[in-house]
Amino acid sequence: MSYTEAEIASQPDCWRRAAHLVGEPGGAVREALPQAGERVAVVGCGTSWFIAQSYAALRESAGQGETDAFAASEMPAGRRYDRVLALCRSGTTTEVLELLGRLRGTAPTTVVTAVPGSPVTEVADSVVLLDFADEESVVQTRFATTELVLLRAHLGAPLDGLEADGRAALAAPVADDLLEAEQFTFLGRGWTYGLAQEAALKMREAAGAWTEAYPVMEFRHGPISVTGPKSVVWWLGEGPSGLEEEIAATGGRLVGDGRDPVAELVAVQRLAVAIAQARGLDPDHPRHLTRSVILGWSRHRNT
């Protein structure tokens, strides 16, 4: 079993631990995360950026306050926020370190990370540590879903059935026709659009697959034209009525089992690994990727 497979399989247990953290006596984690009414920016890179998008949509829809999500390299200068939340598994990503360094003294900053004592813990004002969800694999799976479960729990979102849905996604066989597909489109709506982006990224990273991601209602505005008999359209969350017939007319296959969208992402992760193995690829060490992007010009490169 690869590191990636083992880490995917451990996710329901990690989710339970993350949800418990929010309710721990003393409230340290609860206080470190954005409070109701605050104007918040959430930043990250790669997977963490997509999780930031999901959290931002969830937080606004819950009435907790205006929430923007940015790639760490693209956060506009000069905007005022009550708190900046950074998501960074390794704690060494250049763009996150540079941004938090620039923000010092202008707004409270919190980082969610997997590595104690990493450089990002030295430049953020508060740290939420999910070391139990750290990973050996380059490809993020359990850390991403665990931090999102933590943030959902902090918002008071109902998580009933999530763990059971996750275990069902782990137990279900990977369909042979999915392994043979040539193109994948992932669709989401509201907070699940970020998850659709993350699903597409997992397929690109681990399997080198041709994947795209769109908001559900945007699929009709052009992207459906690439759908055909060797295509899979996979929605995370609830899709609009009528789309099933349009996808069937293209010859493509529609996938989406109605599980919690985070559990549905687990099914995508498993498919990405299965396709990688079928193609003779190493899902633990994708081509051209490293666990953390550390750029040579970073002033933190030697920390």
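Quick caveat: nothing in here was measured; it's all calculated off a predicted structure. Numbering of residues starts from 1 in every chain and runs along the sequence as written. Totals for whole chains, interfaces and linings use every residue, but because this is a predicted model, local features are given only for residues with pLDDT of at least 70 and side-chain atom pairs only at 80 or more, for both listing and counting. Only hydrogens and water are set aside when side-chain values are computed; all heavy atoms of the structure are taken into account.

Side note on the overall build of the protein chain
And step 1. To qualify as a helix, a DSSP run of H or I must reach at least 4 residues; to qualify as a strand, a run of E must reach at least 2; elements of each kind are numbered from the N terminus. Check the secondary structure of the protein chain and you find twelve helices and nine strands.
And step 2. Atoms counted for the radius of gyration: C-alpha only. Globule rule: 2.2 Å times the number of residues to the power 0.38. Here the protein chain has a C-alpha radius of gyration of 19 Å; the compact-globule value for 303 residues is 19 Å, and the two agree.
And step 3. Along the three orthogonal principal directions, the C-alpha set of the protein chain runs to about 55 × 40 × 35 Å.
And step 4. For each residue, the accessible area found with a 1.4 Å probe, counting protein chains only, is set against the maximum for its type, and the residue is called buried under 20%, exposed over 50%, and partly exposed in between. Classification of the 303 residues of the protein chain by burial places 55% in the buried group.
And step 5. Look at the contacts in the protein chain between residues 6 or more apart in sequence, and 71% of them connect residues 24 or more apart.
And step 6. When the accessible surface of the protein chain is summed, it comes to about 12,700 Å², and 50% of that surface belongs to carbon and sulfur atoms.
And step 7. Separation of charge centres in the protein chain, based on 27 positive and 40 negative side chains, amounts to 4 Å. Contact between two residues is taken to exist if any of their heavy atoms lie within 4.5 Å; hydrogens are not considered. We get accessible surface area from the Shrake-Rupley algorithm with a probe of 1.4 Å; when it comes to residues, only the shown protein chains can shield them. The sign given to each residue is positive for Lys and Arg and negative for Asp and Glu; His and the chain ends receive no count. Charge placement uses NZ in Lys and CZ in Arg. For Asp and Glu, CG and CD serve respectively.

What about the pairing of strand β7 (residues 211–215)?
And step 1. With five bridges connecting them, strand β6 (residues 183–188) and β7 associate as parallel partners. Looking across to β7, one finds that Leu 187 is bridged to Tyr 214.
And step 2. Clockwise travel from the first strand over the helix to the second, with the strands pointing away from the viewer, marks a crossover as right-handed. Crossover handedness for the path β6 to helix α10 (residues 192–207) to β7: right-handed. We call two strands paired when DSSP finds no fewer than two bridges between them.

Observations concerning the sheet that holds strand β2 (residues 67–71)
And step 1. The parallel open sheet is built from five strands, whose spatial order is β2-β1-β3-β4-β5. The open sheet has two edge strands with one neighbour each: β2 and β5 (126–129). Here the average twist between neighbouring strands, direction ignored, is 20°.
And step 2. Judged from the five bridges that link them, strand β1 (residues 40–44) and β2 form a sheet pairing that is parallel. Residue pairing in the sheet places Val 43 in a bridge with Phe 70 of β2.
And step 3. Sitting on the sheet, helix α4 (residues 47–61) is in contact with β1, β2 and β3 (83–87), with an inclination near 170° to β2. In this description, a line fitted to the C-alpha atoms serves as the axis of each element, helices being fitted only across the stretch in contact, and the angle between N-to-C directions of two axes falls anywhere from 0 to 180 degrees.

Describing the environment of Thr 93
And step 1. Mapping Thr 93 onto the fold places it in the loop between β3 and α5 (94–103).
And step 2. In sequence terms Thr 93 and Ala 28 are 65 residues apart; their C-alpha atoms lie 25 Å from each other.

Some details on the packing of helix α2 (residues 11–22) against helix α7 (residues 142–154)
When two helices pack together, their arrangement is given by the angle between the helix axes and the distance between those axes.
And step 1. One way to put it is that α2 packs onto α7 with a least axis distance of 8 Å and a crossing angle of 35°. Judged by the twist between their axes, the crossing of α2 over α7 is right-handed. Together, Gln 11, Cys 14, Trp 15, Ala 18, Ala 19, Leu 21 and Val 22 of α2 and Arg 142, Thr 145, Thr 146, Val 149, Leu 150, Ala 153 and His 154 of α7 make up the contact between the two elements.
And step 2. Classification used: nonpolar for Ala, Val, Leu, Ile, Met, Phe, Trp, Tyr, Cys and Pro, charged for Asp, Glu, Lys and Arg, polar for all others including Gly. Per-class residue counts for the contact of α2 with α7 are nine nonpolar, four polar and one charged. The crossing is said to be left-handed when, going from far helix to near helix, the turn is anticlockwise and less than a right angle, and right-handed when the turn is clockwise.

Considerations on the nonpolar core
And step 1. Nonpolar cores are built from buried Ala, Val, Leu, Ile, Met, Phe, Trp, Tyr and Cys residues. Side-chain atoms within 4.5 Å join them into one set. Membership of the largest hydrophobic core comes to 60 residues, with the highest contact counts inside it found for Leu 130, Leu 150, Phe 186, Met 203 and Trp 234.
And step 2. Residues contacting Leu 150, with those up to four places away along its chain left out, are Ala 18, Leu 21, Val 22, Val 29, Leu 33, Val 128 and Leu 130.
And step 3. Counting residues in each nonpolar core, the second largest holds 18 residues, with Tyr 81, Val 84, Cys 88 and Leu 97 among its members.

Looking at the pairing of strand β8 (residues 231–236)
And step 1. In terms of burial, β8 is largely enclosed, as six of its six residues are buried.
And step 2. In β8, alternate side chains face the same way, and those of Ser 231, Val 233 and Trp 235 on one face and Val 232, Trp 234 and Leu 236 on the other are all buried.
And step 3. Pairing analysis gives six bridges linking β6 to β8, with the strands arranged parallel. Considered in β8, the bridge of Gly 188 is made with Leu 236.
And step 4. Judged from the three bridges that link them, β8 and strand β9 (residues 253–255) form a sheet pairing that is parallel. Bridged to Val 233 within β9 is Leu 254.

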